[in-house]
Structure formats: structure tokens, C-alpha cells
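Tertiary structure, described
Chain by chain, the residues run as shown.
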Amino acid sequence: MLTALVTGGAGFIGANFILLSRKNQWLNVINLDKLTYASNLENLAELQGDRNYHFVQGDIGNVELVSYLLNKYQPDAIINFAAESHVDRSIFSPQIFIQTNVVGTFNLLEAARFYLQKLSPQKQQKFRFLHVSTDEVYGSLQLHESAFREDTAYAPNSPYSASKAAADHFVRAYYHTYGLPTLTTNSSNNYGMRQFPEKLIPLTILNALDCKSLPIYGDGKNIRDWLYVIDHCEAIYLVLQNGKLGENYNIGGLNEQTNLTVVKKICAIIDELAPKSNFCHSSLITFVPDRPGHDRRYAIDCSKIRRDLGWHPQENFDSGLRKTVQWYLDNSDWVNQVRSGAYVNWLQQNYGNRNAK
Ligand code: NAD
Ligand code: TYD
């Protein structure tokens with residue numbers, strides 16, 4: 001079995017990826033995570049005692065630490081999930097996005113480059129640097145425009161997407177300049193269990209369960225292409241195994257929905273799974289002033305990964321959403337822990353001055 005240094009593995013997608021990697025015996029894992037507000041080691045509690053899983057708290061930007069871990073564990077791959085990942089936070093505080101997503105990724109690439117030079121030719125042949133990116137680097141689509149392809153020009157519009165785009169460019173440059181065996185995945189919006197409730201779907205679920213208002217930015221007609229997190233993890237593993245070096249792979253859910261539709265679907269599921277007499281959770285929907293620079297539509301053309309690697313999304317949106325709501329209902333300890341002081345402060349910062357329209 002291969003060994004991977006997985007970064008950002010205490011966050012939403014990274015944790016799901018590590019759990020699947022261990023359950024399916026895909027990989028031995030060293031998880032390097034700084035443990036920011038978005039992380040939760042509870043996500044990985046079930047791996048306690050697993051001899052093929054190690055956790056290290058630290059920053060991807062710390063070349064000394066990363067080099068030490070690479071030399072110690074001699075991994076066959078680095079899979080880089082670590083990032084600041086929330087657009088709204090990038091609008092309030094862009095600097096940390098540059099620090100982690102751009103400088104951090106650059107330092108990780110440097111450590112990987114030095115490590116690669118020291119490996120035997122056989123190990124060099126096998127080594128992969130897989131960088132997890134987003135469809136947001138491609139910018140915004142109008143309704144009539146065709147979905148993002150791997151050759152769509154980058155046109156980021158938020159500090160978050162600009163920082164991810166910059167990181168992607170460095171990954172590309174390290175392939176062409178230094179021959180680092182890189183792979184980049186650009187996925188659409190993920191949803192599923194263990195997502196921090198600052199993003200639309202978990203925020204809506206938790207607010208609805210608490211009968212708090214459900215904030216919809218602008219007219220609610222912005223479109224996202226929702227991908228179930230497990231489908232995403234399976235795609236990443238396939239790209240790691242069989243992806244062509246130096247290339248990007250778009251990963252999407254083939255599932256475009258307006259925000260308003262998503263929120264109404266969640267409300268209908270909660271009406272059924274956690275009913276309150278004579279109450280429709282959709283009555284909590286509140287239109288609030290828009291996010292600045294709000295991208296109108298994302299859509300992914302994932303025909304390349306389907307054609308070349310045989311992947312396509314398995315989960316159906318209605319059943320995926322139902323499973324997700326059920327997970328938050330079943331995991332009240334996780335939810336209560338996450339709703340700590342820092343989270344409350346964020347709600348005040350982002351929503352405090354967005355009075356209903
Ligand atoms: P997340 O915010 O839930 O988790 C990020 C993790 O990275 C956290 O555990 C955090 O502690 C860690 N981290 C942050 N800065 C770090 C640093 N300097 N060093 C080490 N660890 C650090 O994010 P997510 O939703 O799981 O996203 C994972 C990756 O996937 C990100 O790169 C993101 O850009 C990308 N992505 C996310 C989505 C989505 O819908 N969530 C979609 C496409 C791509
Ligand atoms: P989000 O989950 O933040 O992901 P991203 O901005 O990376 O796509 O938001 C998804 C969509 O939902 C986006 O169009 C913004 C919108 N949104 C709201 O309308 N209300 C909210 O409270 C949040 C967090 C997002």
C-alpha cells in the first residue's frame with residue numbers, strides 16, 4: 001500500500017478522504033494539519049489506534065517541518081487539501097488566504113522538490129504531488145455559457161479563488177520547470193457529512209434545526225454544481241493512481257442548482273425528518289444583501305475524467321442531501337462542539353450587518 005502525506009486532513013474533504021483511504025486500504029496516511037477554526041480532530045476519532053495513520057499539527061508553509069516529515073515517512077505522494085476555503089472570509093481577511101493558499105503551497109512544492117531529488121529512481125518514478133483545487137478559479141458563467149473545461153482560461157473573482165488560481169499556477173510551473181510529478185484537480189462545490197457550518201448547506205441545516213433565519217444572498221438564483229464529498233474523494237484517488245502527470249482534472253456533480261432550490265430542498269427534508277407542528281422551515285428563508293463579486297454560475301464539464309479514468313458521480317442529489325441532513329441530526333456532539341465561541345463571532349461578523357432585504 002502507498003503512503004501519502006495528506007495536508008489539511010482535519011477539514012471537511014480531507015477528513016472524508018482519509019477515512020475512506022483507511023477504510024478501503026487505499027493509503028497509509030500522515031495527516032499534516034494546522035488545526036485552524038475549520039478543522040476538527042473529532043472527524044478522525046475513529047482512527048485512534050490505527051498504526052497506519054499519524055497526525056501531526058503544523059503548517060504546510062513550514063519547510064523544515066515538512067522536510068522532516070518527508071524524510072521520516074518517505075511517502076509516495078503528497079495530497080494537498082490544506083487551504084483557507086471560505087469565500088466570505090476571504091472578503092473580510094484576504095491576507096491569510098495568500099499566506100496559506102499561495103505561500104504555503106509554494107513552500108510545500110519546494111519541500112517536495114528537494115525530497116524528490118534525494119529519492120531513488122524507482123521511488124522518483126512513483127512519486128506524485130496531487131493538488132486539490134476548485135472550479136472557482138475559472139470565474140463566473142452566464143446561464144447560456146458552456147461548462148468549465150480543463151482548457152477554460154482562469155478568471156478568478158474573489159480573493160479565495162485568486163489565491164487558489166495562484167497556487168495552481170505554481171503547481172503547473174513546478175511540473176514544467178523542475179519535472180515535479182504533479183496532478184491538479186478542480187472540483188465543484190462539495191456537500192456531505194463533516195462540513196463546517198459556514199458553507200451554504202450545513203449553515204442552512206443547522207439554522208433550520210434551530211429555527212433561525214436562512215440567509216440567501218442576492219436573488220438566490222446563483223447556481224452551483226453540487227458534488228457529494230464521497231464522489232469527490234473517489235475521483236481524487238483515481239487521479240492519484242492513473243492521472244497523467246502535469247494535467248488538470250475537472251470533477252463535478254453534473255448537478256446544477258440555484259441556491260434557493262438547495263435551501264428549499266433542505267427545508268423539505270427537515271420538515272420530514274425533524275418536523276415541528278404546523279411549521280414549514282422554508283418560512284425561515286430571508287433574502288439578504290449580496291456577497292461582493294458574487295459569481296453567478298459554476299458548472300463543470302467532467303467529460304475528461306470520465307473518458308480517461310472512468311469516473312462519474314454516483315450520488316443522486318436528493319439522496320445525498322437527505323444523508324447529509326441525517327448525519328447532522330445524528331451527530332449533535334460534533335455540532336455542539338463546532339458551534340463554539342469562534343463560530344458565533346463569525347456569524348456576527350458575516351451576517352450581523354446584512355439586514356433582510
Ligand atoms: P476546510 O476549510 O474544511 O479544511 C481545510 C483544512 O486545512 C483545515 O483542517 C485546516 O486546519 C487546514 N489548514 C488550513 N491552513 C493550513 C496550513 N497553513 N497548514 C496546514 N493545514 C492547514 O476545507 P475543505 O472544504 O475540506 O477543502 C479542502 C480543499 O478542497 C481546499 O484546498 C479547497 O480549496 C478545495 N475545494 C473545496 C471545495 C468545497 O466545496 N469545500 C470545492 C472545491 C475545492
Ligand atoms: P458557499 O457554500 O459559501 O460556497 P462558494 O461561495 O464557495 O460557492 O456558498 C454557496 C452559494 O450559496 C454561493 O452562491 C453563496 C450562497 N450563500 C448564501 O446565499 N447564503 C449564505 O449564508 C452562504 C454561506 C452562501
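Preceding block: the structure.
Nothing here was measured: the structure is a model prediction, and the numbers come from that model.

Next up on the list: the overall build of the chain. Counting its secondary structure elements, the chain contains 13 helices and 13 strands. On C-alpha atoms alone, the chain measures out to a radius of gyration of 20 Å, which is about the 21 Å that the 2.2 N^0.38 rule sets for 357 residues. Out of the 357 residues in the chain, the part that is buried amounts to 55%. Partitioning the intrachain contacts of the chain with sequence separation of at least 6 by distance along the chain shows that 82% fall at a separation of at least 24. Surface accessibility of the chain: about 15,100 Å² in total, with carbon and sulfur atoms responsible for 49%.

Okay, the sheet that holds strand β1 (residues 2-7) next. Pairing in this open sheet of 7 strands is parallel, and the strands run β3-β2-β1-β4-β5-β6-β11 from one edge to the other. The two strands at the open ends of the sheet, each matched to only one other strand, are β3 (53-57) and β11 (248-251). Recorded for the sheet is a direction-independent mean angle of 20° between the axes of neighbouring strands. Here strand β2 (residues 27-33) pairs with β3 via 5 bridges, running parallel. Across the sheet, the residue bridging to V29 is Y53, located in β3.

In this structure, F17, L27, I79 and I305 are the most contacted members of the largest nonpolar core, which totals 74 residues. The biggest single contributor to this core is helix α8 (residues 229-242), with 9 residues. Apart from residues lying up to four places away in sequence, L27 is in contact with M1, L2, A4, F17, S21, R22, I79, Y237 and L240. Counting 22 residues, the second largest nonpolar core, distinct from the first, contains L32, V66, L70 and L180.

As a packed pair, helix α1 (residues 12-23) and α8 sit with axes 9 Å apart at the nearest point and diverge in direction by 65°. Put simply, α1 runs roughly perpendicular to α8. Seen from above, α1 lies across α8 with right-handed handedness. On the side of α1, the interface is formed by F12, I13, N16, F17 and L20, while α8 contributes V229, I230, H232, C233, E234, I236 and Y237. By residue class, the composition of the contact of α1 with α8 is 9 nonpolar, 2 polar and 1 charged.

What follows is about the environment of F106. Relative to the helices and strands, F106 resides in helix α4 (residues 95-118). The exposure class assigned to F106 is partly exposed, which follows from its relative accessible area of 29%. Sequence separation between F106 and G139 is 33 residues, and the spatial gap between their C-alpha atoms is 22 Å. Beyond its immediate chain neighbours, meaning those up to four positions away, F106 contacts F170 and Y174.

Next up on the list: the site of ligand 2. Neighbouring residues of ligand 2: 18 residues in total, closest E136, R224, R291, H294 and Y351. Side-chain polar atom of R224 to an oxygen atom of ligand 2: 2.8 Å apart, as the coordinates give it. In this structure, R291 approaches ligand 2 through a side-chain N or O atom, which is 2.5 Å from an oxygen atom. Per-element tally for the shell around ligand 2: the top contributor is strand β8 (residues 214-217), with 3 residues. The residue inventory of the shell around ligand 2, partitioned by class, reads 8 nonpolar, 5 polar and 5 charged.

On to the state of the cysteines. Where two cysteines share a covalent bond between their sulfur atoms, that bond is called a disulfide. Summed over the entire model, instances satisfying the criterion amount to 0 disulfides. Lacking any disulfide linkage, C211 is separated from the closest cysteine sulfur, that of C267, by 10 Å. Taking the relative accessible area as the measure of exposure, C211 reaches 33% and is therefore partly exposed. The closest cysteine sulfur to the non-disulfide-bonded C280 is located on C267, 8.8 Å from its own sulfur.

Conventions used here
Residues numbered from 1 in each chain as written. Chains lettered and ligands numbered in written order. Predicted model: local features only at pLDDT ≥ 70, side-chain atom pairs only at ≥ 80, totals over all residues. Heavy atoms only, no water. Helix = DSSP H or I, 4+ residues; strand = E, 2+ residues; numbered from the N terminus. Rg over C-alpha atoms; globule rule 2.2 N^0.38 Å. Buried < 20%, exposed > 50% of the residue type's maximum accessible area, 1.4 Å probe, protein only. Contact = heavy atoms within 4.5 Å. Areas by Shrake-Rupley, 256 points an atom, 1.4 Å probe, with all protein chains shown as cover. Pairing = 2+ DSSP bridges. Axes fitted to C-alpha atoms, helices over the stretch in contact; angles between N-to-C directions. Core = buried A, V, L, I, M, F, W, Y, C linked by side-chain atoms within 4.5 Å. Parallel < 35°, antiparallel > 145°, perpendicular 65-115°, else oblique. Left-handed = near helix turned anticlockwise from the far one by under 90°. Nonpolar A, V, L, I, M, F, W, Y, C, P; charged D, E, K, R; others polar. Near = heavy atom within 4 Å. Polar contact = N/O pair within 3.5 Å; in protein donor to acceptor, adjacent residues only side chain to side chain. Disulfide = S-S within 2.5 Å.

Functional significance is not addressed by these values, which are geometric in nature.
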